[in-house]
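# Architecture and fold: a report
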Amino acid sequence: MTIDFHAEANRTTYTGRHASSGWSDAMRGIVDPVGKRVVDVGCGGGIYSLGWHELGAVSVVGIDFSEQMVAAAREQAAGLSDLSFHRGEATATGLPAHSADIVFERALIHHLPGYEACFAEARRVLVSGGILIVQDRTPKDVGLPGSAEHLRGYFFECFPRLRAVENARRPTDAAVRAALDATGFRVIESRPLWEVRKTYSARDLLRQDLAGRTGRSLLHDLDDRELETLIGYVEARLPANGPIVERDRWTVWSAIA
């Protein structure tokens, strides 16, 4: 089965975390967000919309195709007048042309059948000279071995068929660059990013996170019995004591409109 982003049961699967300081530093290394208008396409529960707010954006608009995700994001940002969330498609956000200085798309494009329409919409929304930042995993990123920090690698060791699922949906650097070029972007760059996903003070908290498939669409390809097997496999490879700091490897592309 695949994740149903429109199901109420999955409403909070992309909430409950904060963007890490490493992610914030990486974004500042690309663009100065202070005073900028940011659009977060595929915002989910608003984790990174809030991250841009904390970085000093003057306004952040989150767009997601799921009403459930939009509702969860609004709850997370309650009381913050410079954040708003709306239902829309990555290829048709409904936003005015030239209304953003930064468009951010994290963990979005691997869910799309192609990238050009999505990037064309981002370019329409951006002012001339605005910047598009795309964060996703390439097959190279997901192919890294498992470790006490890179837990995702254990998923593929335990269930090798998941690697084929990932490789089929993950964008390559060449494909992203080609789509950005085809839609008129310039100064296209890419860089790796190791991002702290979450720190767990105890194993039980990690077990709870995995059992809930929280923020992990890939785990919806496992049934409940397989998921329990995976949890046991991961736990057997973790240190007996101490916190668990989970990191994910990403590729970040930036391009100028």
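For clarity, every value in this text was computed on a predicted model and none was experimentally measured.

For strand E2 (residues 59-64), a buried count of five out of six residues is recorded, marking the element as mostly surrounded by other parts of the structure. Where strand E1 (residues 37-41) meets E2, five bridges bridge the pair, whose relative direction is parallel. Among the inter-strand pairings, aspartate 40 is bridged to a residue of E2, identified as glycine 62. Note that the unit made of E1, helix H2 (residues 47-54) and E2 has a crossover that is right-handed. Judged from the five bridges that link them, E2 and strand E3 (residues 83-87) form a sheet pairing that is parallel. Bridge pairing in E3 links glycine 62 to phenylalanine 85. Once the chain exits E2 it traverses helix H3 (residues 67-76) before rejoining the sheet at E3, and the crossover so formed is right-handed.

Another point: the sheet that holds E2. Taking strand neighbours across the sheet as the criterion, the seven strands line up as E3-E2-E1-E4-E5-E7-E6 in an open arrangement whose pairing is mixed. Looking at strand neighbours, the two that pair on one side only are E3 and strand E6 (186-200), the edges of this open sheet. Put simply, the sheet's adjacent strands are angled 20° from each other on average, direction ignored. Examined bridge by bridge, E1 and strand E4 (residues 100-106) share four bridges and lie parallel to one another. Across the sheet, residue aspartate 40 finds its bridge partner in E4, namely phenylalanine 104. Contacts between helix H4 (residues 116-125) and the sheet are confined to E1, E4 and strand E5 (126-136), with E5 contributing the most and set at about 140° to the helix.

Moving on, we get to helix H7 (residues 161-169). Along H7, the positions that sit buried rather than exposed are Leu162, Glu166 and Arg169. Looking straight down H7, one finds its buried side chains confined to an arc of 75°; they lie on one side. In H7, the exposed positions angled more than 90 degrees off the buried face are occupied by Ala164 and Ala168. Those residues of H7 hidden inside the fold are in contact with helix H5 (139-142) and helix H6 (152-158).

In this section: the environment of lysine 36. Position of lysine 36 relative to the elements: it lies in the loop between helix H1 (21-30) and E1. Once residues within four sequence positions are removed from consideration, lysine 36 is found in contact with Ala57, Val58, Ser59, Asp101 and Ile102.

The biggest cluster of nonpolar side chains holds 27 residues, and the ones touching the most others in it are Trp23, Met27, Trp52 and Ile133. The set of elements that each furnish at least two residues to this core consists of H1, H2, H3, E3, E4, E5 and strand E7 (244-256). Residue contacts for tryptophan 52: discarding those within four places in its chain leaves Trp23, Met27, Val31, Pro33, Val38, Ala57, Val60, Ile102, Phe104 and Ile133. Ile63, Tyr115, Val125 and Ile188 belong to the second largest nonpolar core, which has 26 residues in total.

What counts as what
- Residues numbered from 1 in each chain as written.
- Predicted model: local features only at pLDDT ≥ 70, side-chain atom pairs only at ≥ 80, totals over all residues.
- Heavy atoms only, no water.
- Buried < 20%, exposed > 50% of the residue type's maximum accessible area, 1.4 Å probe, protein only.
- Helix = DSSP H or I, 4+ residues; strand = E, 2+ residues; numbered from the N terminus.
- Pairing = 2+ DSSP bridges.
- Right-handed = clockwise from strand over helix to strand, strands pointing away.
- Axes fitted to C-alpha atoms, helices over the stretch in contact; angles between N-to-C directions.
- Contact = heavy atoms within 4.5 Å.
- Arc of directions from axis to C-beta.
- Core = buried A, V, L, I, M, F, W, Y, C linked by side-chain atoms within 4.5 Å.

All we've got here are geometric facts, nothing functional implied.
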